[in-house]
Amino acid sequence: MSISRRQVTAAALGAVPLAFAATGTAQAAPLRNRTLYIAGDSTAAQKYADAAPETGWGMALPFFLHKDRPVANHAVNGRSSKSFVDEGRLDVILGAIRPGDFLLIQFGHNDEKSADPTRYTEPWTTYQDYLRLYIDGARAHGARPVLATSVERRKFDAAGNALPTHGDYPAAMRALAEEEGVALLDIQALSLALWQRLGVEETKTYFNWTATEQDNTHFNPPGAIAVARLVVRELLRTRVLRPQDVCRLDDEIPTSWITWPEATA
C-alpha cells in the first residue's frame, strides 16, 4: 500500500480542532449543518449530461434529507477503495470534513478487478486495510464513518433468482464493521432482495437499459431513487440519522427531479 493506516491517522490528528483533541469526543459546532460525504464508485457518483439517463444513487440522496443534512458526493466512476486513496481523493475529503459530519464509504465493484493492479484489493486483507484508512481518517477529524456494502448488479439465473455478484467483499466489510464498531448499511443484501421482488423484467426499468445499451450495473432515475431510499432507511435503522433528519421517505419522488448538469472542463 502507498500509505499506511498510521500515517493517515497521524496526519489527520495533526489537523483536528483543539476542542476535539482535548476531549477525545466529536463536538459538532453549534448551528452548523452536518454534511454527509460519500466516498464511492460509479454506482453512487454524480453523472453529467453526456451520460444521461445513467444516474448514481448519490444524486437522489438529497431528496430524502432535510436541508441541514447536505450531501457532498465525492464518488467517482471506476474507483476502488485503493485507487480512491492513491489518487488523493480521500485526502480531499479529510481536508474538508468537520466534527459531526458523516463519511459514507461504499467500494467493492472495482476492488474485484483482479487484472488491474491499480484497483484490485483482496477481500480479507488489502480491502479491509484500505477501508480502515477511511474509518481512521473520519474519526480523527471527529466525523462518523459509515460503511455500506456494494449495491448489487442485475443478474438472474434461468429460474429467475437474483444472484449475488460481489464474492467475499460484502462479508469482509460486514466483519470489518463489527471489528471496528462502525455502522453498517447492508445495501448489498437489501438491493438483492429488492431485485428478487421486482423480477427479471421489472428490474430493467431500474437499470440503465436504453435502446443502445443494456447496463446491469448502473441505474436510471427510478433505480437511483430506489437505492437512495434503501440507504436512508439504513441510516435510520443504524441510528446514524434521526427521524427529524429525513423527509419524503414514503413518498413517490418524481424522476423529473433528477438532472444532469453539463460537465465542467
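For clarity, every value in this text was computed on a predicted model and none was experimentally measured. (Residues numbered from 1 in each chain as written. Predicted model: local features only at pLDDT ≥ 70, side-chain atom pairs only at ≥ 80, totals over all residues. Heavy atoms only, no water.)

Q: It is not clear to me how the packing of aromatic side chains should be interpreted in this structure. Could you clarify?
A: The description of an aromatic ring pair rests on the distance of the ring centres and on the angle between the ring planes. On inspection of all chains with the given rule, the structure shows nine aromatic pairs. Plain terms: the ring middles of F84 and Y134 are 6.1 Å apart, the flat faces sit at 40 degrees to each other, and that makes the pair tilted. Remark: Y134 occurs in helix α6 (residues 123–140) and F84 occurs in helix α4 (residues 81–86); sequence separation between them is 50 residues. Its relative accessible area of 0% is what places Y134 among the buried residues. Three or more aromatic residues joined by ring pairs make a cluster, and in this case those are W195, Y206, F207 and F219. (Phe/Tyr/Trp six-rings, centres within 6.5 Å; stacked < 30°, edge-to-face > 60°. Helix = DSSP H or I, 4+ residues; strand = E, 2+ residues; numbered from the N terminus. Buried < 20%, exposed > 50% of the residue type's maximum accessible area, 1.4 Å probe, protein only.)

Q: It is not clear to me how the confidence of the model for the protein should be interpreted in this structure. Could you clarify?
A: Reading predicted coordinates in detail is not appropriate for stretches of low pLDDT. Scored by pLDDT, the protein has a mean of 90; 88% of the residues are at 70 or more. Counting contacts from residues 1–31, a segment whose pLDDT is below 50, to residues more than four positions away or on other chains yields 39 contacts. (pLDDT = per-residue confidence, 0-100. Contact = heavy atoms within 4.5 Å.)

Q: Just checking my understanding: could you explain the nonpolar core for this structure?
A: Counting residues in each nonpolar core, the largest one holds 44 residues, and the members touching the most others are W57, L61, W195 and V231. Top contributing element to this core by residue count: helix α9 (residues 221–237), with nine residues. Those residues within four positions of L61 in sequence are excluded, and the remaining contacts are L36, I38, V71, A228, V231 and V232. One finds F107, A143, A177 and V182 within the second-largest nonpolar core, a separate group that totals 28 residues. (Core = buried A, V, L, I, M, F, W, Y, C linked by side-chain atoms within 4.5 Å.)

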